[in-house]
Amino acid sequence: MRKDPSSAITLGCPPENKLAHVFQSCISEYSADSMPLANGCFFIASTAGEVVAVEQTGQSLFEFDYPLTTAELAGNYIDEIKKIRVLSQPVIVDGINYGFIGALMHADDDANSIAAFILGLLYSIRYSLRDFLQQQIDGIIEEISQERTPYSLMGSLVHRLAVLLGKGDCAAALFNGDQRSILTCWFSNEDADRSNKQALYDNSSLIYHQLCSFRQQSDTQKVLIVELGMPAQTYWIFPLYSANRILGFFAFSNTENIPYTAVEIDFIRRVIGRATFGINNMYFYQKIQQDEEKRNKILEITKKIHSSIDVDDVLRAVVDNTLMLYPDLRVNLWVSHDSHSSNLHIKQFNFYSEDCEVSVRAFMQAETIVVTQGEKLTLAAPLRGNQGVYGVLELNADNLFALSDREIPYISMIADSAGNAFENAQLYKQSRNVIRELLLINEVTQQLNKSLKLKDVLSFITKKLMETFDAEYACILRKHPNEDVFTVQAATNEEHIGERIDGSQNRLRQISEKKESVILADLPAGERPCQLFTFRSFMGVPLLLGGEHVEGAVIVMDSKPHYFTFDDFKLLELLAQHMNLAMANASLHAEVERMVITDNLTGLFNRKYLYDHIQSSMQHDGFGSLILIDLDHFKSINDTYGHQTGDKILIQVADILQKSVRGTDVAARWGGEELALYLPTSSIKTALAVAERVRRKVMEITEPRITISSGISVWSEKDEKNTVDTLFQSADEALYKAKNNGRNQIVIA
């Protein structure tokens, strides 16, 4: 089966890519034996002479300079010095020169047979390029035929053409009944410059008259090229005919400053011609259905708005259904209450902004207002309920589209239905929030009382803050007693835990000095944000000890302005009281637990903790080492210097032990002047090195100078008789030998 050399290329790709792909696909149909050229190569080049693909035959005997010159592509060029010949033919399809196909060979080779081969290959390439264009047209028609409305059909068509041509944006417009102004327009790039879009509307009459002039002159092959907008943008205009009248037009911008070729112009005309019948039928069918559907939709919209008791659902239903009814208008819903909606059409009222000036008037007067200014139209319908006005539904048109007078009562009906539905949903939401807060406080209290571990309590509090307020960041800060500094105890980002925060920052200083809660709707201009998180919305509640001293603060932040409501703020204050009590209890419990497992004098772990830790290690680790340490002549030190000096020496040696081991190792006080180090998963060699390091540091650092003796024992899972007691007994015996052998030494059991 013959390969389709155009199957992997698109109209919008660079010409050299198309040439290279088609050339390689076509020449691959020939075997090496069937090629008449023994040594050399066949090539294809762009119109500028750039060689984009080469098929080598035999040995590579020749090289030529890039790009090829006009002389070298003249048809039959011979370089007398290099003794090479270049045969070439232009690749012309429907009058357009795509490039050149040719061969590089020895000057004495048979040029006739190779020229005949090139000619055959040229026919194949021409066929493939034509086939490519036809496939693109068929693909577009098949794709848009799946669309059910003229709006989606035209939107799909302009997007597809812009992508395939790849030289700029594409727009399509349909004229209204008088065929002088645009009824609606579609753009492949909705983010394009608004002035350029408006230019098509403003110059619709000019475009229509020029298209009519072209038709009267029977100059159907000529393309209308106009410059519109500020700054000027060049557009290539193609008419859309329906019977004997111009239904609309397609406009192609030329942002890359590359003119549209004859092939591309013909391609555009063929696509529009193929699509016109479907566009025409669907458009007029849609107009017939439009009036009847609008009446039914008004009823459906009212039902949908009243079908929900969720405030955000009501607002979304109003916006979505209004956009469905009036797709050519811009819709905004201005609300007077706090809204967390992510819908871009739902916005918070700013009574001092010019953006919603008309809507503010409608809100204050509680009546529908229509304002026209030049070609622009604004309609504002208030959302009225039994107890007040809750917002304004605003519709805007920045073109010649005129909203008929009979549409205004319909829009007012939608707004009034939305106002009543919103009022009901708001009342339901308030009652639901009261119930939610009571349940939340009960849940938080129960969960906080379940655990006395500070880490678990802090983790639960942070998680609950995020869930309750749906915020982006939450943290718990602890204030230093004698410094204007806070430390992060818990945070959404665990990397922040332990960071020190300057307490002089505006909001933290307000919490610390005034002992009052803070809510911030939007960060004022010029104020330095928190170093932990760049916020716009902020809530902070102080954690008070006995109602007097600020021990810390609970902070909740979000990057969006006006994110937290006043109800959220009061709830955080209420939760903070319970959280503060739980953290105080957990901190007290943690301190008691620490005292139970540590030695009060040295700060090392006590004997029981060491014993339990070794027992657990023997169950989970493969081996470990124990070092027992005894301070030499410690009784003499107590007798000579007193027991206070003896205690100081014990503390010094304990500090040396803690600084000489890993985080997984355990340093403990075994009893009296005997200390111990347990090194899990450490060999006898490692234990000996640690013991020697400790022995040397004790001799160097302690004051008055003392020495120590050490005994080392190890265990391994290979020895079935391992127990904690036998491990200690072995180390103790080794320690006894060290002391009997003269002290200040290490003995291995």
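Further up the page is the structure itself.
**Student:** Would you take a moment to explain the overall build of the protein for this structure?
**Tutor:** Per the secondary structure count, the protein includes 17 helices and 26 strands. Here the protein, with 749 residues, has 46% of them falling under the buried criterion. Taking the contacts inside the protein whose residues are at least 6 apart along the sequence as the reference set, 59% of them involve residues at least 24 apart. Here the protein has roughly 38,000 Å² of accessible surface; of this, 50% comes from carbon and sulfur atoms.

**Student:** Explain the packing of aromatic side chains here, please?
**Tutor:** By convention here, two paired aromatic rings are described through the distance between centres and the angle between planes. On inspection of all chains with the given rule, the structure shows 11 aromatic pairs. Ring plane angle 50 degrees and centroid distance 5.3 Å describe the contact between Tyr390 and Phe422, whose orientation is recorded as tilted. With Tyr390 in strand E15 (residues 389-397) and Phe422 in helix H9 (residues 407-450), the pair connects residues that are 32 residues apart, well separated along the chain. Accessibility classification places Tyr390 together with Phe422 in one group, the buried group. Aromatic rings pair up to connect Trp236, Phe238, Phe252 and Tyr260 into one cluster. Sitting over the face of the ring of Trp670, Arg607 holds its NZ or CZ atom 3.7 Å from the ring centroid.

**Student:** Got a minute to help me understand the sheet that holds strand E4 (residues 84-93) in this structure?
**Tutor:** By way of backbone hydrogen bonds, the strands of a sheet pair with one another, either parallel or antiparallel. Reading across the sheet, the 5 strands line up as E2-E1-E5-E4-E3 and stay open at both edges, with antiparallel pairing between neighbours. A single partner strand is all that each edge strand has here, and the edge strands are strand E2 (51-57) and strand E3 (76-79). Ignoring which end each strand starts from, the neighbouring axes of this sheet average 20 degrees apart. Two elements, strand E1 (residues 40-46) and strand E5 (residues 96-106), share 6 bridges in a ladder whose sense is antiparallel. Residue pairing in the sheet places Ile44 in a bridge with Ile101 of E5.

**Student:** Is there a simple way to explain the nonpolar core in this structure?
**Tutor:** Nonpolar side chains in soluble globular proteins generally cluster together in the buried interior. Phe42, Ile125, Phe250 and Phe252 are the most contacted members of the largest nonpolar core, which totals 61 residues. The dominant element in this core, judged by the number of residues it contributes, is helix H2 (residues 111-144), at 14 residues. Discounting chain neighbours no more than four positions away, the residues touching Phe252 are Leu161, Leu165, Asp169, Cys170, Thr234, Tyr235, Trp236, Phe238, Tyr260 and Ile268. Val331, Leu379, Phe422 and Ala425 belong to the second-largest nonpolar core, a separate cluster that totals 31 residues.

**Student:** I would appreciate a short explanation of the pattern of salt bridges in the present structure.
**Tutor:** Two side chains bearing opposite charge may form a pair once their charged atoms approach each other closely. Applying the stated rule across the entire model yields 22 salt bridges. For Glu80, the salt bridge goes to Lys83, with nearest N and O atoms at 4.0 Å. Residue classification places Lys83 among the partly exposed residues on the basis of a relative accessible area of 44%. Between Asp313 and Arg316 there is a salt bridge, with the nearest N and O atoms lying 2.2 Å from each other.

**Student:** Help me out: how do you make sense of helix H14 (residues 634-641) in this one?
**Tutor:** Residues lying three or four places apart along an α-helix face the same way, a consequence of the helix completing one turn every 3.6 residues. Inspection of H14 places Phe634, Ile637 and Asn638 among the buried residues, and these make up the whole buried set. Taken around the axis of H14, the buried residues stretch over an arc of 100 degrees, which confines them to a single face. Within H14, the exposed residues directed more than 90 degrees away from the buried face are Lys635, Asp639 and Thr640. Contacts made by the buried residues of H14 are with strand E22 (623-631) and helix H15 (643-659). In the stretch just after H14, Gly642 is the one whose phi turns positive, near 100 degrees.

**Student:** I'm lost on the side chain of Ser417 in this one. Help?
**Tutor:** Along the chain, the position of Ser417 falls in helix H9. The class for Ser417 is buried, based on a relative accessible area of 13%.

**Student:** I tried to follow the packing of H14 against H15 on my own but got confused; where do I start?
**Tutor:** Think of two packed helices as two axes; the pair is described by the angle between the axes and how far apart they sit. Where H14 meets H15, the axes come as close as 6 Å, and the angle between the chain directions of the two elements is 135 degrees. When the axis of H14 is compared with that of H15, the two are oblique. For the pair H14 and H15, contact is made by Phe634, Ile637, Asn638 and Tyr641 and by His643, Thr645, Gly646, Ile649 and Leu650, respectively. For the contact of H14 with H15, the per-class residue count stands at 5 nonpolar, 4 polar and no charged.

**Student:** Where do I start with the sheet that holds E22 in this structure?
**Tutor:** One open sheet holds the 5 strands; their spatial order is E23-E24-E22-E25-E26, and the pairing between them is mixed. Edge strands, defined here as strands with exactly one partner in the open sheet, are strand E23 (666-671) and strand E26 (746-748). Sheet twist, expressed as the average angle between the axes of neighbouring strands with direction ignored, equals 20 degrees. The strands touched by helix H17 (residues 724-740) within the sheet are E22, E23, strand E24 (674-680), strand E25 (708-716) and E26, with E25 carrying the most contacts at an inclination of about 150 degrees.

**Student:** I keep staring at H15 and nothing clicks. Help me out?
**Tutor:** Taking 1.5 Å of rise per residue, the 17 residues of H15 would be expected to cover 24 Å, and the 25 Å separating its terminal C-alpha atoms lies within 8% of that figure. Looking only at H15, the buried set comprises Thr645, Gly646, Ile649, Leu650, Val653, Ala654, Ile656 and Leu657.

**Student:** I keep staring at the pairing of strand E6 (residues 170-175) and nothing clicks. Help me out?
**Tutor:** Looking along a regular strand, one sees the side chains alternate between the two faces of the sheet. For E6, a buried count of 6 out of 6 residues is recorded, marking the element as mostly surrounded by other parts of the structure. Residue alternation in E6 divides its side chains into two sets, Cys170, Ala172 and Leu174 and Ala171, Ala173 and Phe175, and both sets are buried. Summarising the sheet, E6 and strand E10 (residues 245-253) pair through 5 bridges and their orientation is antiparallel. From the neighbouring strand, Ala171 faces E10, where its bridge partner is Ala251.

**Student:** It is not clear to me how unusual backbone geometry should be interpreted in this structure. Could you clarify?
**Tutor:** Trans is the common state for peptide bonds, and a negative phi is the common state for residues other than glycine. Cis peptide bonds are those with omega within 30 degrees of zero, and the linkage from Glu703 to Pro704 qualifies with 0 degrees. Relative to the helices and strands, Pro704 is located in the loop between helix H16 (684-701) and E25.

**Student:** Quick question: what am I supposed to make of the environment of Ile476 here?
**Tutor:** Take Ile476: it is sitting in strand E16 (residues 473-479). For the pair Ile476 and Thr487, spaced 11 residues apart in sequence, the C-alpha separation works out to 8.6 Å. Not counting residues up to four positions away in its chain, the partners in contact with Ile476 are Leu458, Ile461, Thr462, Thr487, Val488, Gln489, Ala490, Leu543, Ala553 and Met583.

**Student:** Sorry if this is basic, but what is going on with a nonpolar patch on the surface here?
**Tutor:** On the surface, a cluster of nonpolar side chains totalling about 290 Å² of accessible area is made up of Ile684, Leu688, Val714 and Ile748. Of note, Ile684 is situated in helix H16.

Basis of the calculations
Residues numbered from 1 in each chain as written. Predicted model: local features only at pLDDT ≥ 70, side-chain atom pairs only at ≥ 80, totals over all residues. Heavy atoms only, no water. Helix = DSSP H or I, 4+ residues; strand = E, 2+ residues; numbered from the N terminus. Buried < 20%, exposed > 50% of the residue type's maximum accessible area, 1.4 Å probe, protein only. Contact = heavy atoms within 4.5 Å. Areas by Shrake-Rupley, 256 points an atom, 1.4 Å probe, with all protein chains shown as cover. Phe/Tyr/Trp six-rings, centres within 6.5 Å; stacked < 30°, edge-to-face > 60°. Lys NZ or Arg CZ within 6 Å of the ring centre and 35° of its normal. Pairing = 2+ DSSP bridges. Axes fitted to C-alpha atoms, helices over the stretch in contact; angles between N-to-C directions. Core = buried A, V, L, I, M, F, W, Y, C linked by side-chain atoms within 4.5 Å. Salt bridge = Lys/Arg side-chain N within 4 Å of Asp/Glu carboxyl O. Arc of directions from axis to C-beta. Parallel < 35°, antiparallel > 145°, perpendicular 65-115°, else oblique. Nonpolar A, V, L, I, M, F, W, Y, C, P; charged D, E, K, R; others polar. Expected span 1.5 Å × (residues − 1). Patch = residues over 30% accessible without salt bridge, like charges linked within 9 Å, V, L, I, M, F, W, Y side chains within 5 Å.

What is shown is where atoms sit, not what they do.
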